[in-house]
Every structure is written in C-alpha cells, then in structure tokens.
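One letter stands for each residue in the lines below.
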Amino acid sequence: MQLKIYNSLAGEKEIFKPILEGNVGMYVCGPTVYSNVHLGNVRTFLSFDFIYRSLTHLGYKVRYVRNITDAGHLTDDGDVNNDRFVKQTRLEKLEPMEIVQKYTVDFHKVLEMFNLLPPNIEPTATGHIVEQIELTQKLIEKGFAYESNGSVYFDVLEYNRRGLNYGELSKRNIEELFANTRDLDGQGEKKNPQDFALWKKASPAHIMRWNSPWGEGFPGWHLECTAMSTKYLGETFDIHGGGMDLKFPHHECEIAQGKACNDASPVNYWMHANMLTMNSQRMSKSTGNYILPMQLVTGENDFFEKPFHPSIVRFCFLQAHYRSVLDISNDAMIASEKGFIRLMEAVKVLGSVTPDDEKQSGFILAEWKTKAYDALNDDFNSPVLIAHLFEAVKYIFALNDGKETISTKDLEDLKSTLDAFIFDVLGLQTIEENNNEKLDQTLKVLIELRNQARKSKNFGLSDQIRDKLLAEGIELKDGRDGTSYVLN
C-alpha cells in the first residue's frame with residue numbers, strides 16, 4: 001500500500017518518496033492575523049490537520065511547520081498603505097502587535113475548538129526579520145534582485161532569462177503575465193510589472209519598520225515563508241501546503257526565491273486545499289453570504305436552523321476531499337449530524353458486542369481494513385474512508401441485532417482500528433450530552449402527557465403535573481402555539 005499524493009506542480013498523483021525515509025518535513029502557510037479566522041481558513045487548516053494525522057498514523061515521523069504572518073502582508077507591492085495590518089490598526093485604533101495578539105489568540109482558540117493538533121513549530125514573520133534580510137542580500141548578490149528607492153524587488157525577467165520558469169506551478173505563461181499586468185502606483189520603482197517585493201521602504205507613517213542595509217522598512221509577504229521553511233526544514237523539503245488561492249502569486253514566488261537562492265527546487269510535493277462555499281455561493285462579507293466559525297457552532301446566524309457541535313462541523317468538512325470544493329448548507333449540516341450520531345452510536349454498540357468463535361462471519365475484516373487504508377493512501381481520500389467506516393457501522397448494528405457474528409480476535413481488531421480511524425485520523429470527538437438538552441427532552445415528554453390528560457378531561461392529573469413542576473421552579477405557559485416552559 002504505497003502512499004500517493006496529488007502534486008500540484010506535476011498536476012497528477014505521484015508515489016510519495018520522502019527525502020529521509022520514514023520522516024516527513026511539511027510546511028503549511030498559516031494565517032495572516034489581522035482579523036478573525038474565517039470558515040474557509042478553518043477548512044484549509046483542518047484539511048492539513050487530517051493529512052498530518054494520516055501521515056503520523058501511517059508511521060511517518062512528521063515535522064509540521066505552520067507560520068504566523070504578522071507583518072508585511074501587502075495586497076499589492078505598489079502601495080504600502082495596502083498593508084493589511086496598517087489598515088486594521090487604523091480601524092481598531094490599536095498598536096499593530098495588539099492586533100496580532102488579539103487575532104492570534106482567536107486563531108488558536110478556533111482551531112482548538114475543532115480539535116486541530118498544533119504544529120511542531122509555529123514561527124512568526126516578525127521573529128525572522130534577520131533571516132529575511134540575509135535572503136534578500138543573497139538574492140541581490142546572485143543578480144536575482146535589485147534595490148530601488150529603499151525597496152528591493154525580485155527580478156522575474158532575469159529569473160526566466162537564466163532558464164528558470166516563473167509560472168511553473170500555476171501554469172501561467174510569463175509573456176501573458178506581462179501583457180495583462182496593469183500599471184500600479186509605485187510601478188516606477190520596478191524594472192518589470194511582475195517583479196515582486198522582497199523588502200519595502202517604510203513611509204514616515206508606517207509603524208511596523210526595521211533597520212536594513214537599504215534603510216528602514218519591512219519584509220515582503222512572499223519572503224517570510226522561504227526564510228522560515230528553509231530554516232526549519234532545509235533548502236529542499238517534502239510537502240508544502242496551503243489554500244488554492246495561494247498558488248499564485250505566493251507559492252509561485254516561493255519557488256522562484258528558493259531556486260534562485262539555493263539552486264534547487266524548494267519542495268518536492270505541493271498540496272493545495274480547495275475553497276469552501278455556503279449555499280452554493282462564495283462566502284463573502286460584501287454579499288452577506290458569510291458567517292464566522294463560532295457563529296456556526298453557537299447558532300447565532302441566519303443561515304442554519306440550529307447550532308452544530310464542532311465535531312459535527314469537522315465531520316461535515318471531511319466528507320469532501322481536500323482538493324474538492326466543499327459546499328455547506330443547512331441540509332448538509334443536518335445530514336452530517338445524523339451520520340455523526342450513527343457513527344458514534346456504532347462505537348458504543350461495539351463495546352457491548354459478545355464475540356462468537358464458533359460461527360463464520362460474512363464480513364471479512366482484513367478486506368475491509370485494506371479498503372480503508374487504500375483510501376487513506378490514495379491522496380488522503382477522507383470521503384471514501386468515511387464510506388468504508390459506514391460499511392463497518394452496518395456490520396456492527398447487524399452484530400447487535402444477532403444477524404452477524406464476530407470472533408474474539410476480530411472484535412478487538414475492529415475496535416482498535418475503528419477507534420484509530422475515527423478519533424486519531426479523522427480527529428472526531430464524542431459529544432457529551434448537555435444537561436439542558438436532557439431537561440428539555442424530559443419536559444417535552446411531561447408536557448405531552450399533560451396535553452393527553454387534558455384531552456381525556458383528566459384535569460386532576462393535568463393540574464398535578466403543572467403544580468409539581470411549578471413547585472420545582474418550572475412554570476408551564478399555555479399559548480396559541482402550544483405549551484412552553486420558563487425556569488423561575
């Protein structure tokens with residue numbers, strides 16, 4: 001069972017061969033912490049959490065690095081006022097590092113809620129300014145970068161003149177890129193429209209600034225990932241992941257920087273998670289088709305009929321392959337909740353199954369395990385893996401009904417395998433029943449009994465139920481829409 005990974009650079013699945021046998025170096029582009037992490041981000045990070053868990057389960061020792069972008073994220077290289085941190089500091093009237101701290105805490109809180117494992121290393125852009133300056137100097141010395149008015153740019157045309165291929169990841173033609181580029185403010189500093197910033201000169205009003213050989217400034221967005229990935233994983237490492245939206249220009253620039261600096265391709269396998277939509281439309285604040293992760297969990301939104309536990313959200317996300325577009329809707333979440341409950345019920349039922357070593361089972365455990373691992377090894381195919389888990393669920397309920405049998409050995413094997421897939425690989429968690437939910441269900445039963453007593457004109461019993469509940473601080477209220485209760 002060889003692991004195959006879809007390599008975005010090759011455009012096909014390839015047999016995974018790590019640089020160091022049994023070990024994996026994996027870098028995933030982390031959040032830009034200038035605002036609350038959104039649901040699409042959660043989908044990306046959850047996808048790579050599943051990949052991280054899968055690699056570990058398959059026996060690899062993984063060094064997982066995921067950065068925090070806390071400086072230098074320009075929306076374009078032409079205008080330093082487009083720095084997202086600068087914009088947010090003005091909106092919230094806070095210092096930049098207050099913004100960073102506020103939203104880094106939010107990021108960690110949300111990911112912990114969805115049971116994502118922390119990376120082995122979580123470096124920050126501001127913690128690696130020295131390394132970014134050193135890389136910029138090296139690129140200048142090698143003729144791949146130039147200084148202009150206190151800023152430094154990567155020379156894309158020079159990179160291509162030397163037989164390298166800017167555009168190889170995104171499959172873009174360099175001539176088309178130049179032809180289609182509009183003029184930007186500050187374009188006069190660049191030799192070519194597609195050149196990108198390695199270091200930007202800070203304006204007098206720019207708060208985030210550091211000393212450099214070219215004057216006070218701050219790093220360009222793309223350079224930080226090259227600096228941090230090479231520092232912790234080496235000049236060439238196994239896997240680089242991120243959202244599909246980062247393929248160009250961010251990851252394209254990383255490849256160019258790595259090749260220009262080190263004369264070697266920086267990454268062997270590029271992996272990209274696809275986007276998240278809601279109700280078949282792109283999630284966007286401007287259109288109003290947008291909710292935060294916490295709003296999906298608390299139910300404080302206008303799109304979903306009820307709150308959903310984080311583990312149910314996680315289960316829903318994993319029912320789509322990481323390379324597929326995932327659409328969430330109220331119906332999809334309700335269906336995921338039902339599937340999740342049935343899966344967890346099967347785990348409970350399996351714990352009370354009595355083995356039978358005398359009879360032969362129609363369910364061949366070894367074949368089922370092979371199919372499940374084939375799904376995991378086929379580019380981490382979570383929906384197919386989940387489908388196989390439900391084959392086992394069907395078998396478990398048949399065991400419970402006495403329609404199937406299982407040997408003692410197979411029972412222990414099935415328990416351990418199922419636990420590993422559900423809790424370790426998929427990262428799902430059991431949901432403890434809320435006492436309020438139990439109270440609500442109990443009161444619904446009592447209200448129904450009271451209603452039946454009233455229909456039968458048994459007013460003595462009806463009043464007795466009402467009065468006893470009132471004595472316990474629960475007041476029943478009869479209205480046009482039925483009976484409700486209030487806790488006093």
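Residues numbered from 1 in each chain as written. Predicted model: local features only at pLDDT ≥ 70, side-chain atom pairs only at ≥ 80, totals over all residues. Heavy atoms only, no water.

## Focus: helix α13 (residues 382-400)
For step 1, the next point in the chain: Its 19 residues give α13 an end-to-end C-alpha distance of 27 Å, which sits within 8% of 27 Å, the value for a rise of 1.5 Å per residue.
For step 2, the next point in the chain: Inspection of α13 places Ser382, Leu385, Ile386, His388, Leu389, Ala392, Val393, Tyr395, Ile396, Phe397, Ala398 and Leu399 among the buried residues, and these make up the whole buried set.
For step 3, the next point in the chain: Elements that come into contact with the buried residues of α13 comprise α1 (39-57), α10 (310-318), α11 (330-350), α12 (365-377) and α14 (408-425).
For step 4, the next point in the chain: Where α13 begins, one side-chain oxygen reaches toward the backbone nitrogen of Val384, 3.4 Å away; that side chain belongs to Asn381.
For step 5, the next point in the chain: Count one or two residues on from α13 and you reach Gly402, which has phi positive near 80°. (Helix = DSSP H or I, 4+ residues; strand = E, 2+ residues; numbered from the N terminus. Expected span 1.5 Å × (residues − 1). Buried < 20%, exposed > 50% of the residue type's maximum accessible area, 1.4 Å probe, protein only. Contact = heavy atoms within 4.5 Å. Polar contact = N/O pair within 3.5 Å; in protein donor to acceptor, adjacent residues only side chain to side chain.)

## What to know about the nonpolar core
For step 1, the next point in the chain: Counting 90 residues, the largest nonpolar core has Met26 and Leu55 as its most contacted members.
For step 2, the next point in the chain: Not counting the four nearest positions on each side in its chain, Leu55 is found in contact with Leu3, Val24, Met26, Tyr60, Val62, Ile239 and Phe380. (Core = buried A, V, L, I, M, F, W, Y, C linked by side-chain atoms within 4.5 Å.)

## So, the packing of helix α2 (residues 84-92) against helix α3 (residues 96-113)
For step 1, the next point in the chain: For the pair α2 and α3, the least separation of the axes is 9 Å and the interaxial angle reads 95°. With respect to α3, the axis of α2 lies roughly perpendicular. Contact residues: α2 offers Phe85, Gln88, Thr89 and Glu92, while α3 offers Pro96, Ile99, Val100, Lys102 and Tyr103. (Axes fitted to C-alpha atoms, helices over the stretch in contact; angles between N-to-C directions. Parallel < 35°, antiparallel > 145°, perpendicular 65-115°, else oblique.)

## Remarks on α3
For step 1, the next point in the chain: Here α3 spans 26 Å end to end across 18 residues, near enough to the 26 Å set by a 1.5 Å rise per residue.
For step 2, the next point in the chain: Those residues of α3 not exposed but buried are Pro96, Ile99, Val100, Tyr103, Thr104, Asp106, Phe107, Val110, Leu111 and Met113.
For step 3, the next point in the chain: Those residues of α3 hidden inside the fold are in contact with α1, β4 (61-66), α2, α9 (293-298) and α10.
For step 4, the next point in the chain: Asn115 sits one or two positions beyond α3 and adopts a positive phi of about 60°.

## Considerations on the environment of Leu461
For step 1, the next point in the chain: Take Leu461: it is sitting in helix α16 (residues 459-471).
For step 2, the next point in the chain: For Leu461, a relative accessible area of 36% puts it in the partly exposed group.
For step 3, the next point in the chain: Taking C-alpha positions, Leu461 is 9.2 Å from Leu449, a pair spaced twelve residues apart along the chain.

## Observations regarding unusual backbone geometry
For step 1, the next point in the chain: Between Phe248 and the following residue, Pro249, the backbone shows a cis peptide bond with an omega angle of 5°.
For step 2, the next point in the chain: Structurally, Pro249 can be placed in helix α8 (residues 247-262).
For step 3, the next point in the chain: Positive phi values are uncommon outside glycine, yet Asp379 reaches one of about 55°.
For step 4, the next point in the chain: Relative to the helices and strands, Asp379 resides in the loop between α12 and α13.

## Things to note about the packing of aromatic side chains
For step 1, the next point in the chain: Under the definition given, this model contains 20 aromatic pairs.
For step 2, the next point in the chain: An angle of 20° between the planes, with centres 6.3 Å apart, marks the rings of Tyr166 and Phe196 as stacked. Of the two residues, Tyr166 sits in the loop between α5 (156-161) and α6 (174-179) while Phe196 sits in strand β7 (residues 196-201), which places them 30 residues apart along the sequence.
For step 3, the next point in the chain: Owing to a relative accessible area of 3%, Phe196 belongs among the buried residues under this scheme. (Phe/Tyr/Trp six-rings, centres within 6.5 Å; stacked < 30°, edge-to-face > 60°.)

## Describing the sheet that holds strand β12 (residues 281-282)
For step 1, the next point in the chain: In spatial order, the strands read β12-β11-β13; together these three strands make up an open sheet with mixed pairing. Edge positions in the sheet fall to β12 and β13 (326-328), since each of these pairs with one other strand and no more.
For step 2, the next point in the chain: Taken together, the two bridges between strand β11 (residues 276-278) and β12 define a ladder with antiparallel strand orientation. Note that in β12 the partner of Met278 across the bridge is Gln281. (Pairing = 2+ DSSP bridges.)

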